[in-house]
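# Summary of the model geometry
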Amino acid sequence: DQVAGPSDRDEHTLSNGSIEELCLSQNDSQNEKVDGPGPSQSRGIWVFLEQTGGQVAPVSFELLGAGCRLADALGVDLAGVLLGHNIAPIASEAIVYGADIVYVIDDPILENYRTKPYMQSVVSVVRKYRPEIMLIGASTLGRDLAGAVATELRTGLTADCTGLEVDPETRLLHATRPTFGGNLMATILCPEKRPQMATVRPRVMDIPPRDPSRRGRIILEKLEVREEDIGTKLLEFISDEKIEEANLEYAEVIVSGGRGMGGPENFHLLRELAQLLGGEVGASRAPVEAGWVDVSHQVGQTGKTVRPKLYIAVGISGAIQHLVGMQSSDVIVAINKDPHAPIFNVATYGIVGDLFQIVPALVKELRERLPQQEQLQD
Ligand SMILES: Cc1cc2nc3c(=O)[nH]c(=O)nc-3n(C[C@H](O)[C@H](O)[C@H](O)COP(=O)(O)OP(=O)(O)OC[C@H]3O[C@@H](n4cnc5c(N)ncnc54)[C@H](O)[C@@H]3O)c2cc1C
């Protein structure tokens with residue numbers, strides 16, 4: 001049987017041939033090998049469902065969308081892997097966002113992320129069910145977990161991908177990622193080992209529409225790790241809000257500065273504007289390289305990909321390496337004294353002028369117009 005190709009994947013989802021092969025591989029699962037099964041015994045697309053404190057990381061939903069597309073192209077099921085404690089509601093959420101199956105391990109040991117029990121849990125379900133592709137969000141947690149899982153399974157992992165395609169004939173994942181500091185886009189294949197693993201950058205893929213009518217299977221698995229065998233203990237969890245790192249990926253408003261800011265002492269202008277709008281401060285690479293702001297603020301090919309409702313680019317020329325990180329923002333406002341700056345090509349609204357006049361004027365106007373309770377205090 002032919003599986004659906006990229007052009008007609010919406011019409012043909014599950015082909016009979018693939019279903020038979022899926023059943024075959026599951027019946028055959030007693031035959032475990034240390035190196036993991038080969039390509040012919042592996043079927044299905046898996047997404048690791050990242051959660052902390054019962055909150056699903058948005059990147060997991062983005063990956064369900066991407067995974068759905070790959071699963072349709074290959075004619076297989078999309079499954080989620082969910083680890084944690086008291087996490088039942090998340091499993092059904094994953095189904096609503098596109099998963100056909102969710103493998104769940106619910107245990108107090110998994111309440112907070114620790115590499116060893118999470119790695120061993122993922123590895124045990126992968127060995128049992130043999131997916132051909134496994135996707136993990138390139139968050140701090142995901143990057144840690146993926147390396148550990150891939151090493152244990154002795155399979156291939158492409159990190160921080162920005163593009164995923166699958167070839168229905170060879171069933172190979174084409175995982176594309178920027179490399180050499182963004183100078184080269186590399187498409188990497190893993191022909192022999194399974195699963196083909198990739199971590200994917202947050203905010204690159206779209207979250208699929210929520211479909212409450214979807215039905216799927218939730219399969220409970222047992223934890224095979226004992227607390228005594230885990231070397232790490234969690235003493236305290238300090239959330240992102242309490243540290244200086246910029247949290248740009250899911251900010252609704254970002255006010256970004258470039259080389260035009262002239263120096264670190266002027267970034268307070270942007271912080272003031274961002275605070276008024278309840279947003280975060282971003283930057284192009286120029287101020288990061290000059291040491292004016294921390295690299296966690298950098299937007300672009302070698303920085304973060306962002307999609308806020310409002311992106312204000314202040315003194316940023318709009319080099320392609322910057323644009324790829326922010327051009328999907330809903331509304332882009334550009335402030336630049338050069339009317340020919342390429343940033344104006346992607347801007348919804350453009351202001352040509354000196355930022356040292358415009359930004360303070362904007363702040364003043366916003367202070368007067370915004371209702372008092374919406375203004376966040378310094
Ligand atoms: C491999 C590679 C990866 C890269 N990755 C990234 C990345 O992730 N992110 C990124 O941003 N860049 C990246 N870059 C760098 C990128 O090519 C540009 O050099 C960089 O984005 C330029 O930053 P800028 O726009 O702030 O500075 P410039 O290009 O110098 O632009 C400054 C702008 O400020 C304006 N300006 C100056 N003074 C004022 C004023 N008083 N009022 C108003 N406007 C003013 C100027 O007209 C100008 O348009 C990468 C480059 C390479 C080669």
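Look a little higher up for the structure.
Everything in this summary refers to the structure shown in the same document. (Residues numbered from 1 in each chain as written. Predicted model: local features only at pLDDT ≥ 70, side-chain atom pairs only at ≥ 80, totals over all residues. Heavy atoms only, no water.)

## A word on the pairing of strand S16 (residues 331-336)
Most of S16 sits out of view: five of its six residues are buried. The sheet contact formed by strand S15 (residues 310-314) and S16 spans five bridges and is parallel. Its bridge partner lying in S16, Ala313 is registered against Ala334. Looking at chain direction, S16 and strand S17 (residues 349-352) are connected through four bridges and run parallel. Residue pairing across strands places Asn336 opposite Val352, the latter belonging to S17. (Buried < 20%, exposed > 50% of the residue type's maximum accessible area, 1.4 Å probe, protein only. Helix = DSSP H or I, 4+ residues; strand = E, 2+ residues; numbered from the N terminus. Pairing = 2+ DSSP bridges.)

## A short note on the environment of Gln301
Relative to the helices and strands, Gln301 is located in the loop between helix H7 (285-289) and S15. What makes Gln301 buried here is its relative accessible area of 18%. Considering only alpha carbons, one finds Gln301 and Gly325, 24 residues apart in sequence, at a separation of 5.7 Å. Apart from the residues within four sequence positions on either side, Gln301 is in contact with Pro178, Gly182, Asn183, Arg201, Gln321 and Val324. (Contact = heavy atoms within 4.5 Å.)

## Details of the site of the ligand
The full set close to the ligand counts 28 residues, and Arg259, Ser284, Thr302, Ser317 and Asn336 are the nearest of them. Note that an oxygen atom of the ligand is positioned 2.7 Å from one of the side-chain N or O atoms of Asn336. For the ligand, whose free accessible area comes to 980 Å², the fraction covered by protein is 81%. Those elements that provide at least two residues to the shell around the ligand are H7, helix H8 (320-323) and helix H9 (355-369). Classifying every residue of the shell around the ligand gives six nonpolar, 17 polar and five charged. (Near = heavy atom within 4 Å. Polar contact = N/O pair within 3.5 Å; in protein donor to acceptor, adjacent residues only side chain to side chain. Areas by Shrake-Rupley, 256 points an atom, 1.4 Å probe, with all protein chains shown as cover. Nonpolar A, V, L, I, M, F, W, Y, C, P; charged D, E, K, R; others polar.)

## Concerning the packing of aromatic side chains
Between two aromatic rings, the relevant description is the distance of the centres plus the angle of the planes. In total, this model carries six aromatic pairs according to the counting rule given. On the basis of an interplanar angle of 75° and a centroid distance of 4.9 Å, the ring pair of Tyr113 and Tyr118 is categorised as edge-to-face. Its relative accessible area of 22% is what places Tyr113 among the partly exposed residues. A network of ring pairs unites the aromatic residues Trp46, Tyr103 and Tyr129 as a single cluster. (Phe/Tyr/Trp six-rings, centres within 6.5 Å; stacked < 30°, edge-to-face > 60°.)

## Some details on the nonpolar core
Grouped together as the largest cluster of nonpolar side chains are 36 residues, with contacts concentrated most on Ile45, Leu64, Leu82, Val102, Leu135 and Leu164. When residues of this core are assigned to their parent elements, the largest contribution, nine residues, is made by helix H2 (residues 58-74). Those residues in contact with Leu164 that lie beyond four places of it in its chain are Ala66, Arg69, Leu70, Leu135, Leu173, His174, Ala175, Ala198, Val200 and Met205. Residues Tyr103, Met134, Leu145 and Ile219 belong to the second largest nonpolar core, which totals 31 residues. (Core = buried A, V, L, I, M, F, W, Y, C linked by side-chain atoms within 4.5 Å.)

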